[in-house]
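# Structural features, examined
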Amino acid sequence: MLHLRSRAIPVTVLVFLAAAGVSWAGFRLDDPGMSRTIGLTALVLGVAAISRTLSGPDEELERGTPVPWRLIRFLHLALLGAVLLGLLIAVRLVAGERTHAVPLGNLVLAGLALSAVTALAAVLLGAHAAWAPPVGWALVMLTVGSRNSPGGQALTWMVQDPRTVISTTVAVALTVVGAAAYTWRGSRW
């Protein structure tokens, strides 16, 4: 319990619930474009909350203990991502298979990749600023929309059709690199 409180997990779960509420509201709209945008924005809200949990009060103390922190860091990131995705998928299922809901593939790929980008940002910038790169990139992708060129598909992977090879490859690569970097190194501070 002390570990969970020191990592702000209770507050993060509340933010996840708020993201699920925003997602629910988005699925109730009749405008397909706005519904997808709100659904993905709710995901970004949840991912931003993960950043606060990626560093404890004394990261150096955690690195110096005999506890296998690499495994704990991996499980921490994987469980938070799974809880957020589980809530958003549950909302999507309860809202029904509306034609303008966020495609399940997009939701899963974006959830995994943005969580890993947050973790990578924690390694490079520290947990206090780890929310900025995924939120900024996601907002640009949502604003710009999907692009058809190979470079455009790579840069706007979150809003592409999940069957697009380039965007899926980018999302998977971000997931692997971000999760591995955080698992190996932990937050900068």
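See the structure printed just above.
Residues numbered from 1 in each chain as written. Predicted model: local features only at pLDDT ≥ 70, side-chain atom pairs only at ≥ 80, totals over all residues. Heavy atoms only, no water.

## Some details on the packing of aromatic side chains
What counts is decided by this rule: The rule is short: rings of Phe, Tyr and Trp, with Trp giving its six-membered ring, pair when the centres are within 6.5 Å, and they are stacked under 30 degrees, edge-to-face over 60, tilted in between. A run of H or I in DSSP becomes a helix once it reaches four residues, and a run of E becomes a strand once it reaches two; helices and strands are each numbered from the N terminus. Throughout, exposure labels follow a simple rule: accessible area from a 1.4 Å probe, protein chains only, divided by the maximum for the residue type, with under 20% read as buried, over 50% as exposed, and the rest as partly exposed. Only lysine NZ and arginine CZ atoms are considered, and such an atom sits over a ring when it is within 6 Å of the ring centre and within 35 degrees of the ring normal.
Under the defined criterion, the tally for this structure stands at one aromatic pair. Ring geometry for Trp-137 against Trp-157: centres 5.8 Å apart, planes inclined by 90 degrees, an arrangement best described as edge-to-face. Of the two residues, Trp-137 sits in helix α7 (residues 132-144) while Trp-157 sits in the loop between α8 (150-155) and α9 (165-185), which places them 20 residues apart along the sequence. The partly exposed category is assigned to Trp-137, whose relative accessible area is 26%. The aromatic ring of Trp-24 is capped on one face by Arg-28, whose charged end is 5.0 Å from the ring centroid.

## Concerning the nonpolar core
The criterion, for reference: Throughout, nonpolar core names a set of buried Ala, Val, Leu, Ile, Met, Phe, Trp, Tyr and Cys residues whose side chains join them through atoms within 4.5 Å.
Core analysis: the largest hydrophobic core is formed by 43 residues, its most contacted members being Leu-43, Leu-54, Leu-114, Trp-157 and Met-158. Every element with two or more residues in this core is listed here: α2 (9-27), α3 (32-50), α5 (69-95), α6 (104-125), α7 and α9. When residues in this core are grouped by element, the largest group, ten residues, is from α6.

Functional significance is not addressed by these values, which are geometric in nature.
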